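Now for the letters of each chain:
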Amino acid sequence: MTGYGAYDKNIKTTESPHETDAAVLEHAAQVLIAAQTLMAAKEMDNDDDFFMALNYNQRIWTVLQAFAAEEKLIPDQIKANLISLSLFVDKQTYKAMSENDPTKLDVLININRQIAAGFRSIPPAEEKPA
């Protein structure tokens, strides 16, 4: 067996889109936690990392907001809730930035983790025969 064959044999599963979404949100939560920890401990050389973490998280939520606004298959109530939540994330992000307050990240971290858990609870789509 070649090296490629060994790799192919071990990599047979693929992530569902929901698992990918969950992983992205969880990663953003981890980035926010790292920035929060450094900021609270005054270990940051400057506030750039704090703002970059917030910007990263907000970009993810901007994509989720655009997706929800354009996706036709999402029920209207879920679409409205997701858009409302993304607007709340925007406001909380601006508040954290303007106050330069690491405690304001708690709610963003919690939201990311809760939505990631929700994505993980969605069963994978059934595979259709080729």
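Here the structure is a predicted model, which means the values were calculated and not measured.

**Concerning the overall build of the chain**
Line of reasoning, step 1. Of the regular secondary structure elements, the chain holds 5 helices and 0 strands.
Line of reasoning, step 2. Each helix and strand of the chain, placed in order from N terminus to C terminus, yields the pattern α-α-α-α-α.
Line of reasoning, step 3. Taking all 130 residues of the chain together, 29% fall into the buried category.
Line of reasoning, step 4. A sequence separation of at least 24 residues applies to 66% of the contacts in the chain between residues at least 6 apart.
Line of reasoning, step 5. Working note: accessible area of the chain is about 8900 Å², and carbon and sulfur atoms make up 57% of it.

**Topic: the side chain of Asp90**
Line of reasoning, step 1. Mapped onto the elements of the fold, Asp90 is located in helix H4 (residues 76-99).
Line of reasoning, step 2. Buried charge without a salt bridge: Asp90, with Lys91 as the nearest opposite-charge side chain at an N-O distance of 8.9 Å.

**Details of the packing of aromatic side chains**
Line of reasoning, step 1. Applying the stated criterion across every chain, the model contains 1 aromatic pair.
Line of reasoning, step 2. Geometrically, the ring pair formed by Phe50 and Phe51 is edge-to-face, given 5.7 Å between the ring centres and 75 degrees between the ring planes.

**Focus: the nonpolar core**
Line of reasoning, step 1. Leu25, Leu32, Leu54, Trp61, Leu64, Leu105 and Leu108 are the most contacted members of the largest nonpolar core, which has 23 residues in total.
Line of reasoning, step 2. Those elements that provide at least two residues to this core are helix H2 (17-40), helix H3 (48-70), H4 and helix H5 (105-120).
Line of reasoning, step 3. Among residues more than four places away in sequence, those in contact with Leu105 are Leu32, Gln36, Phe50, Leu54 and Ala96.

**A few points about the environment of Asn110**
Line of reasoning, step 1. Mapped onto the elements of the fold, Asn110 is located in helix H5.
Line of reasoning, step 2. Asn110 sits in the partly exposed class, given a relative accessible area of 42%.

**Details of the confidence of the model for the chain**
Line of reasoning, step 1. Predicted confidence across the chain gives a mean pLDDT of 82, with 80% of residues reaching 70 or more.
Line of reasoning, step 2. Mean pLDDT per element in the chain: helix H1 (residues 3-10) is the minimum at 47, and H5 is the maximum at 94.
Line of reasoning, step 3. Under a pLDDT of 50 for its full length, residues 1-8 has, in the predicted model, 2 contacts with residues more than four places off or in other chains.
Line of reasoning, step 4. Overall, residues 126-130 carries pLDDT values under 50, and its contacts beyond four positions in sequence, including any with other chains, amount to 0 contacts.

**Digging into the pattern of salt bridges**
Line of reasoning, step 1. Enumeration over the complete set of coordinates arrives at 2 salt bridges.
Line of reasoning, step 2. Put simply, Glu26 and Arg113 hold a salt bridge, and the shortest N to O gap is 3.3 Å. One end of the pair, Glu26, is in helix H2; the other, Arg113, is in helix H5, with 87 residues separating them in the sequence.
Line of reasoning, step 3. Across the pair Lys104 and Glu99 runs a salt bridge whose closest N-O atoms are separated by 3.5 Å.
Line of reasoning, step 4. Take Glu99: its relative accessible area is 43%, and that puts it in the partly exposed class.

How each quantity is defined
- Residues numbered from 1 in each chain as written.
- Predicted model: local features only at pLDDT ≥ 70, side-chain atom pairs only at ≥ 80, totals over all residues.
- Heavy atoms only, no water.
- Helix = DSSP H or I, 4+ residues; strand = E, 2+ residues; numbered from the N terminus.
- Buried < 20%, exposed > 50% of the residue type's maximum accessible area, 1.4 Å probe, protein only.
- Contact = heavy atoms within 4.5 Å.
- Areas by Shrake-Rupley, 256 points an atom, 1.4 Å probe, with all protein chains shown as cover.
- Lys, Arg positive; Asp, Glu negative; His and termini not counted.
- Salt bridge = Lys/Arg side-chain N within 4 Å of Asp/Glu carboxyl O.
- Phe/Tyr/Trp six-rings, centres within 6.5 Å; stacked < 30°, edge-to-face > 60°.
- Core = buried A, V, L, I, M, F, W, Y, C linked by side-chain atoms within 4.5 Å.
- pLDDT = per-residue confidence, 0-100.

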